[in-house]
Amino acid sequence: MRRHGKGAQGPRAVALWLALAGSLGSGAGCRRAVTFDQADIDRHPMLAGAPPGFLLGVATSAHQIEGGHRNDWTEWEKGSYPDGTPHVKGGATTERAADSWNLWPKDVAAAATLGANVYRLGVEWSRLEPAEGQWDAGAAERYREMLQALRAVRPHPIEPMLNLWHFTLPPWIVARGGWEWDGAPAAFAAFASRAAAAFGDLVDWWCPLNEPNVYVTKSYMAGQWPPGVKDPKRAARALGNLLRAHARAAAALRASDRADADGDGRATRIGLAHNVIVFDPASGGPLDRLIARYSDRFYNHDIPDSIAAGRIKLSLPTVVSVDEAEPELAGSLDWLGLNYYTRRVVASRLFGDRGPTGAPYEVVEDPARPHNDLGWEIYPEGLYRMLVRFREYPWPLIVTESGVADRAGTVRPGFIRAHVYALDRARAEGVNVIGYMHWSLIDNFEWSHGYEGRFGLFTIDFAGDPTLERRPTPAVATFQDLARNLGLLPSR
Ligand code: FCB
């Protein structure tokens, strides 16, 4: 077990605690006692009673599967830290990745095998708009083929949910300062508008952005992703622009996509895929509770709160404080997506050494708990806790990502059952959850972990199999049970 050094002591700590303790209450940073019983999970009829039209599917992102990109990540993948360690584990690159740019029919076939009725996939900005204002019609046509193929799946179509940005930026945006460039939101909105014109007749479900909070934490606070910065002020600037970009893209999509692809009377359903982490304090001590509380507010709530209020309000005491009106944010969402993977049990490092990622806490691991191949705690109760908590917002919720790095493929079936149980429990308590998407359809490039994090329902032998065949893991059968329970596959 890793444990932090001594908690902060002395007058400074006491003063901070006294100043902030008033805001510590029930809820957020505090542990809500809930433990699932395995026998209940085993007995549970997964997704029974889910509402008609429940979205059951899988997710991927363009950069992680397509191969052949030219963006900020392909540059980053070639680089290393000053001590010589490569930015990406083993020096892996996305030169080919899962080659979905060419092998996409295999992906569509895999999703169809699962019985999925939705596939959240990405388009790559740097491919469609390689230079400012220059649109690659050939690339757009290739994406149209993919989208058409999804809609043509029978007996029921697979509804595409289209993600416009999932961490990567075209070089021409990077040259102007990436998300710190105040022109970036308008550039992104222009891209969204063109995407709506190109794909709107095939797409109703739009997800302009994936996980702005993960991006700024990794790229601007921990310095582990491009542009490799450790500066909370720059992080806040980038995050503010991401929120503006979301608002403007949503408006652009509504203005440009008037085509109702699935005939349900609505041409656009716009959301955000938002990463959530449960932060629990490592002890009952005030500083551990404080840091859990503030991490939770900043990481989990500042973004949805800003959208709901039409005001960008970001706050990490003593580090970041932003409060600016952005009226276009209000009304920009039709649904909120939660990407949930893990919890962090945190011990304050507010006054000690911040460690390599600059985080104001240390994660305290309990070796008795299950962890995935990347060392993330597996904690299905956290999905339930988050869904229940997020009912405070005015939007229907979709689990836009949930999954496990499990190279052996043995953990994933139970992982899916436990997380669907969590979702169903939240639904039983009245939380409006309208979909579940598993991350991921296929093994892919897991950012700085390279090909070490294996999240696919279908696995790929990147090193040994030049055909990159998508081979089913045991969890395919588990997913098919979900589809059967929803009537998406014939019952056995
Ligand atoms: C999420 C990302 C996704 C993938 C999974 C494991 O935070 O959205 O790209 O890396 O984690």
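Our structure's up above, just so we're on the same page.
Given the structure is predicted, the values throughout are model-derived calculations rather than measurements. (Residues numbered from 1 in each chain as written. Predicted model: local features only at pLDDT ≥ 70, side-chain atom pairs only at ≥ 80, totals over all residues. Heavy atoms only, no water.)

Moving on, we come to the overall build of the chain. The helix and strand tally for the chain stands at 15 helices and 13 strands. For the chain, the C-alpha radius of gyration of 22 Å lies close to 23 Å, the compact-globule estimate for 492 residues. For the chain, the spread of C-alpha atoms along the principal axes amounts to about 65 × 55 × 45 Å. Scored against the burial criterion, the 492 residues of the chain give a buried share of 60%. Considering only residue pairs separated by 6 or more positions, the chain has 76% of its internal contacts joining residues 24 or more positions apart. Total accessible area on the chain is roughly 18,500 Å²; 53% of this is exposed by carbon and sulfur atoms. Positive and negative side-chain charges in the chain, numbering 54 and 57 respectively, have mean positions lying 4 Å apart. (Helix = DSSP H or I, 4+ residues; strand = E, 2+ residues; numbered from the N terminus. Rg over C-alpha atoms; globule rule 2.2 N^0.38 Å. Buried < 20%, exposed > 50% of the residue type's maximum accessible area, 1.4 Å probe, protein only. Contact = heavy atoms within 4.5 Å. Areas by Shrake-Rupley, 256 points an atom, 1.4 Å probe, with all protein chains shown as cover. Lys, Arg positive; Asp, Glu negative; His and termini not counted. Charge placed at Lys NZ, Arg CZ, Asp CG, Glu CD.)

It is worth spelling out the packing of helix α10 (residues 212-221) against helix α11 (residues 232-256) at this point. Here α10 crosses α11 at 150 degrees, and the two axes come no closer than 9 Å. The angle between α10 and α11 places the two elements in the roughly antiparallel class. Seen from above, α10 lies across α11 with right-handed handedness. For the pair α10 and α11, the contacting residues are P212, Y215, V216, Y220 and M221 in the first and P232, R234, A235, A238, L239 and L242 in the second. Of the residues in the contact of α10 with α11, the class split is 10 nonpolar, no polar and one charged. (Axes fitted to C-alpha atoms, helices over the stretch in contact; angles between N-to-C directions. Parallel < 35°, antiparallel > 145°, perpendicular 65-115°, else oblique. Left-handed = near helix turned anticlockwise from the far one by under 90°. Nonpolar A, V, L, I, M, F, W, Y, C, P; charged D, E, K, R; others polar.)

Taken as a whole and judged by the stated rule, the model has 31 salt bridges. By sharing partners, the salt bridges in this structure join R244, R248, E324, E326 and E328 into a single network. (Salt bridge = Lys/Arg side-chain N within 4 Å of Asp/Glu carboxyl O.)

Side-chain direction in a regular strand flips from residue to residue, so the side chains alternate between the two faces of the sheet. Summarising burial for strand β3 (residues 159-165): seven of the seven residues are buried, a large majority. For strand β2 (residues 118-122) and β3, the ladder comprises five bridges, and the chain directions are parallel. Residue pairing in the sheet places R120 in a bridge with M161 of β3. With four bridges connecting them, β3 and strand β4 (residues 205-209) associate as parallel partners. (Pairing = 2+ DSSP bridges.)

Attention now goes to the site of the ligand. All residues in the neighbourhood of the ligand are listed as Q64, H166, N210, E211, N275, Y341, E401, W439, E446, W447 and F455. Here H166 contributes a side-chain N or O atom positioned 2.8 Å from an oxygen atom of the ligand. A distance of 2.6 Å is found between an oxygen atom of the ligand and a side-chain nitrogen or oxygen belonging to E211. In isolation the ligand has 300 Å² of accessible area, and contact with the protein removes 95% of it. (Near = heavy atom within 4 Å. Polar contact = N/O pair within 3.5 Å; in protein donor to acceptor, adjacent residues only side chain to side chain.)

Following P226, the chain continues to P227 via a peptide bond in cis, the omega torsion being 10 degrees. The phi torsion at D99 lies on the positive side, around 55 degrees, for a residue other than glycine. Inspection of the secondary structure puts D99 in the loop between α4 (72-78) and α5 (100-114). Residue D99 is classed as buried on the basis of its relative accessible area of 11%.

A few words on the packing of aromatic side chains. Overall, the coordinates contain 33 aromatic pairs when judged by the stated rule. Centre to centre, the rings of F279 and Y361 are 5.9 Å apart; their planes meet at 65 degrees, and the pair counts as edge-to-face. One end of the pair, F279, is in strand β5 (residues 269-281); the other, Y361, is in strand β9 (residues 361-363), with 82 residues separating them in the sequence. Judged on exposure class, the residue F279 and its partner Y361 are both buried. Ring centres 5.6 Å apart and planes at 65 degrees place the aromatic pair F445 and Y451 in the edge-to-face group. Accessibility expressed as a relative area gives 15% for Y451, which makes it buried. (Phe/Tyr/Trp six-rings, centres within 6.5 Å; stacked < 30°, edge-to-face > 60°.)

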